[in-house]
Amino acid sequence: MSRGARVPATRAGGGVPSPRAHVVRVAAALAAGMGVGRFVYTPILPLMHTQAGLSTDAGAHLATANYVGYLLGSLAGTLFPTLVRSRTVLRGSLLLLIGTLAAMPATHSTTVWMALRLLAGAASAMVFVVAVSSLLGHLRDHPPHLPGWGFGGVGAGIALSGLLVLALRPVADWRVAWWSSAVLAAALATAAWNLRPDVPGAIPTEAPAKGVDRHFGALFVSYTLEGVGYIVAGTFLVAAIAQSSPGGLGSGAWVLVGLAAVPSSALWARLGRRWSRPGLLYVALLIQAVGIALPALVDGVAAALVSALLFGATFIGVSTLALATGAELRFPRSVALLTAGYSVGQILGPLTVAPLLHHGYRPALLLAALVVLAAAVSAAVLRIGFPHHAAAVRHSVPDQARRPAPTDAGH
């Protein structure tokens, strides 16, 4: 077979893994960096309220510190592209993340907790940016569902961390939950340790756009509002369900969020090849708004589980669709701009609902649902006269990142 044949080259003696093995390593990195390092706070939060004396206001401040750290890490990855291609940066970020998780039980100081969550956010962002740029660079010529499964690592990490906390609730306290999450992150980091970062020039740059694009403006508003609304549910959903439901229903719902998120990016990517991405973005945001509002409006197991399913099936998919739509518009540095808006939205989310938390979590979830509904309205505006450019732009998931900037997928 010729030297240029793709499959043998990926498995030959250069140490480059097969495409599926590469996806597994990326998924492990995202599971550690995002699913555990960033989102394990959600199921642990109720334990910290009841056992560590953490107030609702302080809980919101810890969440905000994490999102500020994530924004700083995102900006570092965008401003210094060499970081994105460094295995040392990836490994150092994974180690820093594990250390911050293990250090949480060492203190009762809210200030120290905020510093640790800030560092965890920055480390999560760097893990995400290196892993995703590697995924999109190495698999840009493969079917869209394959990179989609790599993004599913975020959901897998959420599910694993949720199961861990659910199993520990009857037998251990919040300290053991943090220590155990550090062990879980370490195991996932081991699986991702030999991940190959991206190489220069692997991801093409966007074609320049002329003037101000009203469609990109609508997309930017929609995605920024999504950052505000989704992160409120992503932070407080478990605590909200636990507040009105006995036992481990909240943690169980969070596991379902993760399980639903695992295939979501691949599924939305497939749908994006058949239907208009702006239309799919509008539908996904409507579904998410319903999912966020449900536990605030309806008590019971069924409402909690349906909420978890709808939220998990959409929050990574929305990022997939929004970033791919930005690439389709060919707006300069669309991913960097959209990521910045999304990150700022995540910082504003907990701060916006903090005054409402004195009345419980339901008002916060209702406000978040309204914000996501507003994001859907902006996506509906985006659909009007949307300029569908060359079909080649829509053929795969890698189009969602012409530049290797991080997202939240879930982010």
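Look up a bit, the structure's there.
Residues numbered from 1 in each chain as written. Predicted model: local features only at pLDDT ≥ 70, side-chain atom pairs only at ≥ 80, totals over all residues. Heavy atoms only, no water.

Side note on the side chain of Thr-235
Right, on to step 1. For Thr-235, the position within the fold is in helix 11 (residues 214-244).
Right, on to step 2. Within the structure, Thr-235 has its side chain in polar contact with the side chain of Tyr-67 (distance 2.4 Å).
Right, on to step 3. Among all residues touching Thr-235, those that are not within four sequence positions of it are Tyr-41, Thr-42, Leu-45, Ala-63 and Tyr-67. (Helix = DSSP H or I, 4+ residues; strand = E, 2+ residues; numbered from the N terminus. Polar contact = N/O pair within 3.5 Å; in protein donor to acceptor, adjacent residues only side chain to side chain. Contact = heavy atoms within 4.5 Å.)

What to know about the pattern of salt bridges
Right, on to step 1. On inspection of all chains with the given rule, the structure shows two salt bridges.
Right, on to step 2. A salt bridge links Arg-362 to Asp-299, with the nearest nitrogen and oxygen atoms 1.8 Å apart. Here Arg-362 is found in helix 17 (residues 362-383), whereas its partner Asp-299 is found in the loop between helix 14 (277-297) and helix 15 (301-329), with 63 residues between them in sequence.
Right, on to step 3. By relative accessible area, Arg-362 is classed as partly exposed at 30%. (Salt bridge = Lys/Arg side-chain N within 4 Å of Asp/Glu carboxyl O. Buried < 20%, exposed > 50% of the residue type's maximum accessible area, 1.4 Å probe, protein only.)

Let's talk about empty space enclosed by the protein
If you roll a probe as big as a water molecule over the atoms, it shows you where there is empty space left.
Right, on to step 1. Following the criterion strictly, the structure yields two cavities of 30 Å³ or more and no others.
Right, on to step 2. One number sums up the size of the second largest cavity: a volume of about 50 Å³.
Right, on to step 3. What lines the second largest cavity is simply Ile-241, Ser-244, Ser-245, Pro-295, Val-298, Asp-299, Gly-300 and Ala-304.
Right, on to step 4. Considering only residue class, the lining of the second largest cavity consists of four nonpolar, three polar and one charged. (1 Å grid on protein atoms, 1.4 Å probe; cavity = no way out; pocket = protein on both sides within 12 Å on 5 of 7 lines; lining within 4 Å. Points joined across faces, edges and corners; volume = space filled by probe spheres on them. Nonpolar A, V, L, I, M, F, W, Y, C, P; charged D, E, K, R; others polar.)

Looking at the side chain of Thr-100
Right, on to step 1. Topologically, Thr-100 is positioned in helix 6 (residues 87-103).
Right, on to step 2. For Thr-100, the side chain forms a polar contact with the main-chain oxygen of Leu-97, separated by 2.7 Å.
Right, on to step 3. Discounting residues that sit within four places of it in the chain, Thr-100 has contacts with Leu-116, Leu-119 and Ala-120.

Section: a nonpolar patch on the surface
Right, on to step 1. A cluster of nonpolar residues, Leu-72, Leu-75, Leu-79 and Phe-80, forms a patch on the protein surface that exposes about 410 Å² of accessible area.
Right, on to step 2. Residue placement: Phe-80 occurs in the loop between helix 4 (56-79) and helix 5 (81-84). (Patch = residues over 30% accessible without salt bridge, like charges linked within 9 Å, V, L, I, M, F, W, Y side chains within 5 Å. Areas by Shrake-Rupley, 256 points an atom, 1.4 Å probe, with all protein chains shown as cover.)

A word on the packing of aromatic side chains
Right, on to step 1. Taken as a whole and judged by the stated rule, the model has 10 aromatic pairs.
Right, on to step 2. Judged by centre distance (4.2 Å) and plane angle (10 degrees), the ring pair of Tyr-223 and Tyr-342 falls under stacked. Of the two residues, Tyr-223 sits in helix 11 while Tyr-342 sits in helix 16 (residues 334-353), which places them 119 residues apart along the sequence. Of the two residues, Tyr-223 and Tyr-342, both sit in the buried class.
Right, on to step 3. Plain terms: the ring middles of Phe-311 and Phe-315 are 5.2 Å apart, the flat faces sit at 10 degrees to each other, and that makes the pair stacked. Taken as a pair, Phe-311 and Phe-315 lie in helix 15 at a separation of four residues, close to a single helical turn. (Phe/Tyr/Trp six-rings, centres within 6.5 Å; stacked < 30°, edge-to-face > 60°.)

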